[in-house]
Amino acid sequence: MSTEVSFRLLGPVTALDGTGAPLALGSPRRRAVLAALLLERGRSLPVEQLVELLWPAPAPSSAATMVHGAVAALRRALGPRTLITRDGGYAAEVPAQQVDVARFEAAVAEARRDLEAPGKAAKLLANALAEWRGPALAGVEETFARVAARHLDELRVEARALLADAELRLGHHRAIVAELETLAAEHPLREDVCELLMLALYRCGRQAEALAAYRHLRTVLATELGVEPEKRLNDLHLAVLRHDPELHPASTAVVPAPLGSFVGRAADLEQLNALLQTHRLVTLTGPGGVGKTRLATEIACREAGAVVVDLAPLADAALMPGLVAEALGVRAEPGQPLVRTIAASLDGRPALLVLDNCEHLVAETATLVQLLLATAAPLRVVATSRETLGVPGERVYAVRPLAAEGAAVQLFEDRAAAAGSGFTVTADNEALVAELCRRLDGLPLAIELAAARAATLPLTKLVDGLREPFALLESVTRAADPRHRSLAATLAWGHALLGAAERTLFARLSVFPGQFDLAAANAVSDGSAELPLARLVASSLVQFDEQRYRLLETVRAYASGQLGPDSRVAEQHAAHYLAVAEEAQARLFAPHSGQWLERLHTERANLRAALAWSFAHDSQRGVRLVNCLWHYWDLRGARDEGLYWLRKALASVDSGTQRLPLLAAASLLHLGRADLADTERLAGEQLALGRKHDEPSWTGDALALLATVDWARGRYDRAQQRYEDGVSLSLAGGDVWGASLAEAQLARLHRDRREPDAARAVALQALAHAEEVGESIARGLARDVLASIEHRWGDAEQAARLADEALARYREVSYAEGEASALRLAAKIALAASRTADARAALQAALEVCRRIGHRAGTAEALEGLAEVADRPDQAAALNAEAARLRDETGIPRLADD
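Residue numbers run consecutively from 1 along every chain, following the written order of its sequence. For a predicted model such as this one, the threshold for reporting local features is a pLDDT of at least 70, and the threshold for listing and counting side-chain atom pairs is 80 or more; totals across whole chains, interfaces and linings nevertheless cover every residue. The side-chain quantities take in all heavy atoms of the structure and omit both hydrogens and water.

**Student:** Please set out the overall build of the protein residue by residue, giving values where relevant.
**Tutor:** Secondary structure follows DSSP: runs of H or I at least 4 residues long count as helices, runs of E at least 2 residues long count as strands, and numbering of each begins at the N terminus. What the protein contains, in helices and strands, is 42 helices and 12 strands. As defined in this context, the radius of gyration uses C-alpha atoms, and a globule is described by 2.2 Å times the residue total to the power 0.38. Its C-alpha radius of gyration of 32 Å places the protein within 12% of the 29 Å reference for a compact globule of 898 residues. For the protein, the spread of C-alpha atoms along the principal axes amounts to about 95 × 85 × 60 Å. A 1.4 Å probe rolled over the protein chains alone gives each residue an accessible area, and that area as a share of the maximum for its type sets the label: buried under 20%, exposed over 50%, partly exposed in between. By the burial criterion, 52% of the 898 residues in the protein qualify as buried. Note on areas: these come from Shrake-Rupley sampling with a 1.4 Å probe, and a residue is covered only by the protein chains present in the view. On the protein, roughly 38500 Å² of surface is accessible, and the fraction owed to carbon and sulfur atoms is 52%. Each charge class in the protein can be summarised by its mean position, and for the 99 positive and 117 negative side chains these summaries are 2 Å apart. Neither His nor the chain ends contribute to the count of charged residues, in which Lys and Arg are positive and Asp and Glu negative. In plain terms, the charge of a residue is placed at NZ if it is Lys, CZ if Arg, CG if Asp and CD if Glu.

Right, here's the structure in full:
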């Protein structure tokens, strides 16, 4: 029984049986005895020592008897082989993997050694920290337990710091900064935590806060310990002050985490790295399942600044630029084609772009790659495709199967062991494994699928089981590449081993273009997915990582072929994601909308698939989806994609009030692209339709959009009248959110016309309405405008506070353009107060945001601001020259300061 029982000390002392059910341990003394023995796992503790651990001196005369009694009772609960008698005492004979403390300590030690592989370390540490269920050894109050608990608590803090370190190395500074702030508050004397916090804050563009964290630690150390921070922290402080470029992450790679170890491709990797030194485009070709994606991903993992874009989920080539921009973090730039913005963002940036699964979009991929390589000089591209792109200068690298006698056998052994079979290659079975790998033509995917079965089938049956599918498929695949036949045979064989429920679910899962969760799997399988899905994962037909599932593209194509022609699964998929979108949409204009925007972003591939199916089969469902997603597209800067779907939606709705939200969304997205003529045309139609059907909120929204066009064209009186009428109508129609945004724009108009009293009054009105709604964009914009008004004519401290609050609100919903705007305003406020260092930090942060999202006009503004605070004239001249070049490219002139 001891091999089945597991023990938990990281929380209340608990023992669990093989099913995970808690076992009855009895009195606190028994738990204390068990804890003492588990803490010294494998070592015999004399009864006298146990007595000393459990009772303060002098112990009662019956103490030894009570120890014997406690052990006897524990043996009845746990089984006779868990606690053994040895050398006049007792020992816990329990494997390390059955004790949470041992697992935790081992994971932390391994992660500490492997921090140079931060992805692996982060996963180890996250799993280790998940072992904790409360204070260590809770309920055991003896001194030995409190000493052990303190040690474990210290190790837990170290694990949290190491996890933060790993996340920072991965470039996840924004995700980890809140945890570091909490950790620093809980442990104010820890210099390692302060160091990580400073680095995370600086990378988030919060230089002033990074410096404040250093000052706080220095004060606490002097007060509590009478010492100064260590040299490395002082050096970091100086580096933050200097904006040292070394402080930025060595890699900003956007690369999916590989789900398995990298086996048998060292020579390929070496050759490809050599090719990329002399060729800017390398295309990996080969049949499905040969390992092109895994090899390309491994290259990206080892390259700073790498970005991987999976084109497999994309059905419509028109959306390709948006998908690439999304992966790069680039947003549509006003007045500029998206492809040009992407190219400009990559120019001068030594990036590696991996375009995976290009075969269904070869011509479009070739066009995009050619343009990017011609414009962005240092850029290199790796493509994976079953056929070449045909771009001048392309170097083709054919990915070969693995050698059956070497790497293929190693891969089989690695994957079989990972499946939990305990399999190892021995002298007795090596020839059989090699035969199996030869039968599978050395195709890595086929080998991995076969290896997953090693946990349930003997090796001889694995080999025999592959013979029949080969014969079966020989006639129907005779004309195909033999390697395609071997993979098809492997998939057919694995499919035949599935139960009916697993086969049905496997086919249905092919509807997902990328990742999905359990709820989505249930939605396409009548709510019965959990158990068959677990079996598909165990068979390696479905990949699983961090609560999300996916099928490899080759496997998905096979699964799709198993669907019957009358399958309703695509409709079920679209219905589910419409429900997801509608659930989110109801919360997008309320407090805490950021988490719902993030949910939509996570499901973006599925939402695209649902939109495509809907507009092909059920346009009304497509219209409903578009009405849920326009705000997400706007905030994420995906305006080109949004307009693509809005055009389809508008074409599906001829007349009536159903067009109103679509016209409003299309007008707004065109306005974000600076397409003033299209904005005016669509908003004009919306205005006429709103008036015709007596829809005050939509009429008010149209007037506000038209007012913004008037403002951009210098028609200020007309803009003011339309804003005022629009606000009144929006409020009459119950659209407080829309009224707040229009009021903020009207306040900005009064500000630009140098009317401080009117500007402040309207801005305060906007702020009141924004607070009433509680949505972050409205709250941020109202504060942003009010801060600029206070900066010109009011309280400087109030202006600084409002600008900081606006920045926080924008960050809550990842509104990058707003973030950059608030940072530039914060810099102006700081500069006016002679806080040059703070102004420089804010401008540097704004510059980083604008460069990251590809906004050249915003980049120019930040560069011009940095020129104002430059230490030397030659620095200022260089910054202004770079800004002038960007303004020439975009055609946006520099506006005179007031």
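**Student:** Lay out the packing of helix α31 (residues 659-672) against helix α33 (residues 696-712) in plain terms, naming residues and giving numbers.
**Tutor:** Where helices are involved, their axes are fitted lines through C-alpha atoms of the stretch in contact, as for all axes, and angles between N-to-C directions lie from 0 to 180°. Contact geometry of α31 with α33 gives a least axis separation of 10 Å together with a crossing angle of 20 degrees. One element, α31, and the other, α33, form an angle in the roughly parallel class. For the pair α31 and α33, the sense of crossing is left-handed. Residues Leu660, Pro661, Ala664, Ser667, Leu668 and Leu671 of α31 form the contact with α33, whose participating residues are Trp698, Asp701, Leu705, Thr708 and Val709. Residue polarity follows a fixed list, in which Ala, Val, Leu, Ile, Met, Phe, Trp, Tyr, Cys and Pro are nonpolar, Asp, Glu, Lys and Arg are charged, and the others, Gly among them, are polar. Split into classes, the residues belonging to the contact of α31 with α33 amount to 8 nonpolar, 2 polar and 1 charged. Convention used here: angles under 35 degrees read as roughly parallel, angles over 145 as roughly antiparallel, angles from 65 to 115 as roughly perpendicular, and any remaining angle as oblique. Left-handed describes a crossing whose near helix is turned anticlockwise from the far helix by less than a right angle; the clockwise case is right-handed. By the convention used here, residues are in contact when the closest approach between their heavy atoms is within 4.5 Å.

**Student:** Mind laying out a nonpolar patch on the surface, listing which residues take part and the relevant values?
**Tutor:** Patch building starts from residues that exceed 30% relative accessible area and form no salt bridge, then joins like charges within 9 Å and nonpolar side chains (Val, Leu, Ile, Met, Phe, Trp, Tyr) within 5 Å. Every case where a carboxyl oxygen of Asp or Glu lies within 4 Å of a side-chain nitrogen of Lys or Arg is listed as a salt bridge. A cluster of nonpolar residues, Leu189, Leu225 and Val227, forms a patch on the protein surface that exposes about 240 Å² of accessible area. Inspection of the secondary structure puts leucine 225 in the loop between α9 (207-224) and α10 (231-242). Classification of leucine 225 as exposed rests on a relative accessible area of 52%.

**Student:** How would you summarise the sheet that holds strand β8 (residues 352-356) if you had to cite specific residues and measurements?
**Tutor:** By way of backbone hydrogen bonds, the strands of a sheet pair with one another, either parallel or antiparallel. In this description, strands pair whenever DSSP reports at least two bridges between them. Across the sheet, 5 strands lie side by side as β7-β8-β9-β6-β10; this open sheet has parallel pairing. Two strands close off the open sheet at either side, each with one partner strand: β7 (306-310) and β10 (395-398). Ignoring which end each strand starts from, the neighbouring axes of this sheet average 20 degrees apart. Pairing of strand β6 (residues 281-285) with strand β9 (residues 380-384), which is carried by 4 bridges, proceeds in the parallel orientation.

**Student:** Any chance you could break down the pattern of salt bridges for me, citing the residues and the numbers?
**Tutor:** The tally for this structure, following the rule as stated, stands at 60 salt bridges. Taking the shortest distance from any N to any O, the salt bridge between arginine 608 and glutamate 326 comes out at 2.8 Å. Here glutamate 326 lies in helix α13 (residues 320-328) and arginine 608 lies in helix α28 (residues 604-617), a separation of 282 residues in the sequence. For the salt bridge of arginine 811 with glutamate 819, the shortest nitrogen-to-oxygen distance reads 3.1 Å.

**Student:** Before we move on, can you summarise the sheet that holds strand β4 (residues 83-86) with the specific residues and values?
**Tutor:** As summarised here, the arrangement of the 3 strands in space is β3-β5-β4, forming an open sheet in which the pairing is antiparallel. Strands with a single pairing partner mark the edges of an open sheet, and in this sheet they are β3 (45-46) and β4. Alignment of β4 against strand β5 (residues 89-92), held across 4 bridges, turns out to be antiparallel. The residue of β5 that forms the bridge with isoleucine 84 is alanine 91.

**Student:** Which residues make up the packing of helix α26 (residues 569-585) against α28, and what values do they have?
**Tutor:** Here α26 crosses α28 at 120 degrees, and the two axes come no closer than 9 Å. Relative to α28, the element α26 lies oblique. Read as a crossing pair, α26 and α28 show a hand that is left-handed. Counting all contacts with α26, which are made through Ala570, Glu571, His573, Ala574, Tyr577 and Ala581, the residues of α28 involved are Asn606, Leu607, Ala609, Ala610, Trp613 and Ser614. Looking at the contact of α26 with α28 residue by residue, the classes come out as 8 nonpolar, 3 polar and 1 charged.

**Student:** Before we move on, can you summarise the environment of alanine 651 with the specific residues and values?
**Tutor:** If you trace the backbone, alanine 651 turns up in helix α30 (residues 639-652). Alanine 651 sits 28 residues away from valine 623 along the chain, and the two C-alpha atoms are 9.9 Å apart.

**Student:** Lay out the nonpolar core with the relevant residues and their values.
**Tutor:** Here the nonpolar core consists of buried residues drawn from Ala, Val, Leu, Ile, Met, Phe, Trp, Tyr and Cys, with membership extended through side-chain atoms lying within 4.5 Å. Ranked by internal contacts, the top residues of the largest apolar core, which has 206 residues, are Phe412 and Leu509. If we skip the residues at most four places from it in the chain, phenylalanine 412 touches Phe423, Val433, Leu436, Cys437, Ile447, Ala450, Ala451, Ala454, Leu459 and Leu462. Formed by 60 residues, the second largest nonpolar core is a distinct cluster that contains Ala63, Val67, Leu124 and Ala149.

**Student:** Can you lay out empty space enclosed by the protein for me, pointing to particular residues and giving the numbers?
**Tutor:** Points on a 1 Å grid, built from protein atoms alone, make a cavity when a 1.4 Å probe fits but cannot get out and make a pocket when they are open with protein on both sides within 12 Å along at least 5 of 7 lines; residues with an atom within 4 Å of a point are the lining residues. Grid points are joined across faces, edges and corners, and a volume is the space filled by probe spheres set on the points. Inspection of the entire model under this criterion finds 3 cavities of 30 Å³ or more. Computed from the structure, the largest cavity encloses a volume of approximately 70 Å³. Glu326, Arg604, Leu607, Arg608, Leu611, Leu629, Tyr632, Trp633, Ala638 and Glu641 together form the lining of the largest cavity. Elements represented by at least two residues in the lining of the largest cavity include exactly α28 and α29 (619-635). The element that contributes the greatest number of residues to the lining of the largest cavity is α28, accounting for 4 residues. The residue inventory of the lining of the largest cavity, partitioned by class, reads 6 nonpolar, no polar and 4 charged.

**Student:** Describe in detail the packing of aromatic side chains, supporting the description with residues and values.
**Tutor:** Side-chain rings of Phe, Tyr and Trp, where Trp is taken by its six-membered ring, are said to pair if the distance between their centres is within 6.5 Å; with planes under 30 degrees apart they count as stacked, over 60 as edge-to-face, and otherwise as tilted. Inspection of every chain in the model, using the stated rule, returns 11 aromatic pairs. Ring centres of phenylalanine 544 and tyrosine 549 lie 4.7 Å apart, and the angle between their planes is 40 degrees; this geometry places the pair in the tilted category. Exposure remark for phenylalanine 544: the relative accessible area of 36% places this residue in the partly exposed category. According to the relative accessible area criterion, tyrosine 549 is buried, its value standing at 14%. Their ring planes at 85 degrees and their centres at 4.9 Å tell us that tyrosine 644 and tryptophan 645 sit as a pair that is edge-to-face. Take tyrosine 644 and tryptophan 645: they sit in the same class, and that class is buried. One aromatic cluster is present, formed by Phe512, Phe516, Phe544, Tyr549 and Tyr577 through successive ring pairs. When the ring centre of tryptophan 596 is taken as origin, the NZ or CZ atom of arginine 587, which lies over that ring, is 4.7 Å away. We count a charge as sitting over a ring when the NZ of a lysine or the CZ of an arginine lies within 6 Å of the ring centre and within 35 degrees of the ring normal.

**Student:** How would you explain α26 if you had to name every residue and give the values?
**Tutor:** Taking 1.5 Å per residue, 17 residues should reach 24 Å; α26 reaches 24 Å between its end C-alpha atoms and fits that length. Turning to α26, its buried residues number three or more, namely Val569, Gln572, His573, Ala574, His576, Tyr577, Leu578, Val580, Ala581 and Ala584. The inward-facing, buried residues of α26 contact α22 (500-509), α23 (518-523), α27 (594-602), α28 and α29. Multiply 1.5 Å by the residue count of a helix minus one, and that product is the helix's expected span.

**Student:** Please give an account of the pairing of β5 that cites residues and values.
**Tutor:** What you see with β5 is no split at all: Gly89 and Ala91 on one side and Tyr90 and Ala92 on the other are buried throughout. Where β3 lies against β5, 2 bridges are found, and the strand directions are antiparallel. Bridge assignment links leucine 45 to a residue of β5, and that residue is tyrosine 90. Between β4 and β5, which pair antiparallel one after the other, the connecting turn spans 2 residues, and aspartate 87 there sits at a positive phi close to 55 degrees.

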